[in-house]
Amino acid sequence: MERNQQLRRQLASMRQSLFDQGHLDEQFILLEELQDDANPNFVEEVVTLHYRDSARLITTIERALEKSPLDFNKLDGYMHQFKGSSTSIGAKKVKAESTQFREYCEAGNGEGCLKTFQLLKRDYATLRRKLEAYFQLARQAGPNEIACRPK
């Protein structure tokens with residue numbers, strides 16, 4: 001029993017840090033609120049699908065950034081898709097960088113696109129690692145009680 005309580009405290013702390021560090025926003029909480037006994041892994045499944053689908057978009061954007069001249073309309077379209085997917089899981093930093101990237105596309109600023117995309121990929125990978133660790137710990141801790149707002 002004590003071990004489970006310790007895991008729950010660790011899980012709560014890990015979750016809170018994802019919000020405190022600006023990685024997640026309210027949308028993640030909304031996903032958690034959709035999770036129930038009938039679908040106890042709902043959030044993890046949605047996040048897993050996001051990362052599976054978004055990996056393809058990352059590759060597509062990388063290839064588009066290698067072309068000369070840059071097609072800012074295509075880049076903006078790809079990033080629009082990526083941003084929507086990231087927004088749906090509450091990936092706050094990644095969403096902000098996606099917005100910045102799109103602004104650079106609108107301005108025709110290739111250098112800005114490249115720099116922002118590197119930051120986006122870094123934060124995307126960081127959030128993925130952190131969420132994988134979070135879900136692994138959540139599985140160890142067992143079924144979770146109702147989602148709550150971060151402090």
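Numbering of residues begins from 1 in every chain and follows the order in which that chain's sequence is written. Given that this is a predicted model, residues contribute local features only at a pLDDT of at least 70 and side-chain atom pairs are listed and counted only at 80 or more, while totals for whole chains, interfaces and linings are drawn from all residues. Hydrogens and waters are ignored; side-chain quantities use all the structure's heavy atoms.

## Here we look at the UniProt feature "modified residue: Phosphohistidine" (unreviewed entry) in the chain
UniProt positions are given in the numbering used here, feature names are shortened, and annotations may be inferred rather than shown by experiment. Those residues carrying the UniProt feature "modified residue: Phosphohistidine" (unreviewed entry) are His80 in this numbering. Along the polypeptide, His80 turns up in helix 4 (residues 72-89). His80 sits in the partly exposed class, given a relative accessible area of 47%. Secondary structure elements are taken from DSSP: a helix is a run of H or I of four residues or more, a strand is a run of E of two residues or more, and numbering for both begins at the N terminus. Each residue is placed in one exposure class: buried if its accessible area under a 1.4 Å probe, protein chains only, is under 20% of its type's maximum, exposed if it is over 50%, and partly exposed if it falls in between.

## Some remarks on helix 4
The span you would expect from a helix comes to 1.5 Å times its residue count less one. In this model, helix 4 (18 residues) spans 26 Å end to end at C-alpha, consistent with the 26 Å of a helix rising 1.5 Å per residue. Buried within helix 4 we find Leu75, Met79, Phe82, Ser85, Ser86 and Ile89. Each buried residue of helix 4 lies within a common arc of 120° when the element is viewed along its axis, so the set occupies one face. Two residues qualify as a contact provided that any one of their heavy atoms is within 4.5 Å of a heavy atom in the partner residue. Next to the buried residues of helix 4 lie helix 2 (26-34), helix 3 (42-66), helix 5 (92-107) and helix 6 (110-141). Between the side-chain oxygen at the start of helix 4 and the backbone nitrogen of Asn73 there is a gap of 3.2 Å, and the oxygen is on Asp71. Two residues or fewer past helix 4, Gly90 is found with a positive phi of approximately 85°. This arc corresponds to the set of directions leading from the helix axis out to the C-beta atoms. Under the rule applied, a polar contact is a pair of N or O atoms within 3.5 Å (in protein, one hydrogen donor and one hydrogen acceptor; residues adjacent in sequence only if both atoms are side-chain atoms).

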